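Analysis of the macromolecular model
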Amino acid sequence: NRCRTLAARLKKNGTWMVPTMTVLRSIAYLDDTTLAADPRMAYMPRFFSAGWNPKNDFRFRMMTPQDWAVRKEVFAEQRKIVALLHKAGVQFLAGTDLSNPYIFPGFSLHEELRTLVTAGFTPREALEAATLNPARYLNATDSLGTVQAGKLADLVVLDANPLTDIANTEKIHAVIL
């Protein structure tokens, strides 16, 4: 009930949420030793990725298996809270908070969109969180946020419809700047 009350207040106040679910997931699963074998590591500067091993990070090196289990439970609850806020009509922006462990520029935005969809967003709503909603938030819909004559736009041309399956955002045919 307190979450629903807060959600109503956030909507009423026009508060925007950037949940960075990809970060919350990576922190919850940081004990997974297979993460370091992710092929996207090749794209990361060593000064970023060097600290991603939880055994080297003061915030995580003392955590027990029970602590990691609790983090995973907390992440599951965070997804429920995002779903509750979304259902209440709170506005969202997509973000990934680069430099956190296992957050990969570009790649992680696709993960964030998929996670928003698993939290109850439609594919269109997830896409709008990364495109139209930032323009709304910045009061810049006159020049940004949609593809229209006279507006600024970079385009990602896809080989499949992301409105059918949000994972299709990764089927990139071309990028036009």
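Refer to the structure printed above.
Everything in this summary refers to the structure shown in the same document. (Residues numbered from 1 in each chain as written. Predicted model: local features only at pLDDT ≥ 70, side-chain atom pairs only at ≥ 80, totals over all residues. Heavy atoms only, no water.)

What follows deals with the nonpolar core. In terms of nonpolar packing, the biggest core is built from 16 residues, with Val82, Leu85, Val90, Phe92, Leu116, Phe121 and Ala126 touching the most fellow members. Looking at this core, the elements that each hand over two or more residues are helix 1 (2–13), helix 2 (21–28), helix 4 (65–87), helix 5 (107–118) and helix 6 (123–130). Among the elements that make up this core, the one with the highest residue count is helix 4 (3 residues). In this structure, Leu116 is in contact with Pro19, Val82, Phe121, Ala126 and Ala129, ignoring residues within four places of it in sequence. With 13 residues, the next largest nonpolar core counts Leu35, Phe60, Met63 and Phe104 among its residues. (Core = buried A, V, L, I, M, F, W, Y, C linked by side-chain atoms within 4.5 Å. Buried < 20%, exposed > 50% of the residue type's maximum accessible area, 1.4 Å probe, protein only. Helix = DSSP H or I, 4+ residues; strand = E, 2+ residues; numbered from the N terminus. Contact = heavy atoms within 4.5 Å.)

With that settled, the discussion passes to the packing of aromatic side chains. If you walk through the whole model with that rule in mind, you get 9 aromatic pairs. Here Trp16 and Tyr137 contribute two aromatic rings whose centre-to-centre distance is 5.8 Å and whose plane-to-plane angle is 80°, an arrangement assigned as edge-to-face. Of this pair, Trp16 sits in strand 1 (residues 16–17) while Tyr137 sits in helix 7 (residues 132–137); the two residues are 121 residues apart in sequence, bridging distant segments of the chain. Here the aromatic residues Trp52, Tyr102 and Phe104 are joined through ring pairs into a cluster of three or more. Above the plane of the ring of Tyr29 lies Lys72, whose end atom (NZ or CZ) is 4.8 Å from the centre. (Phe/Tyr/Trp six-rings, centres within 6.5 Å; stacked < 30°, edge-to-face > 60°. Lys NZ or Arg CZ within 6 Å of the ring centre and 35° of its normal.)

Don't take any of this as a statement about function, it's just geometry.
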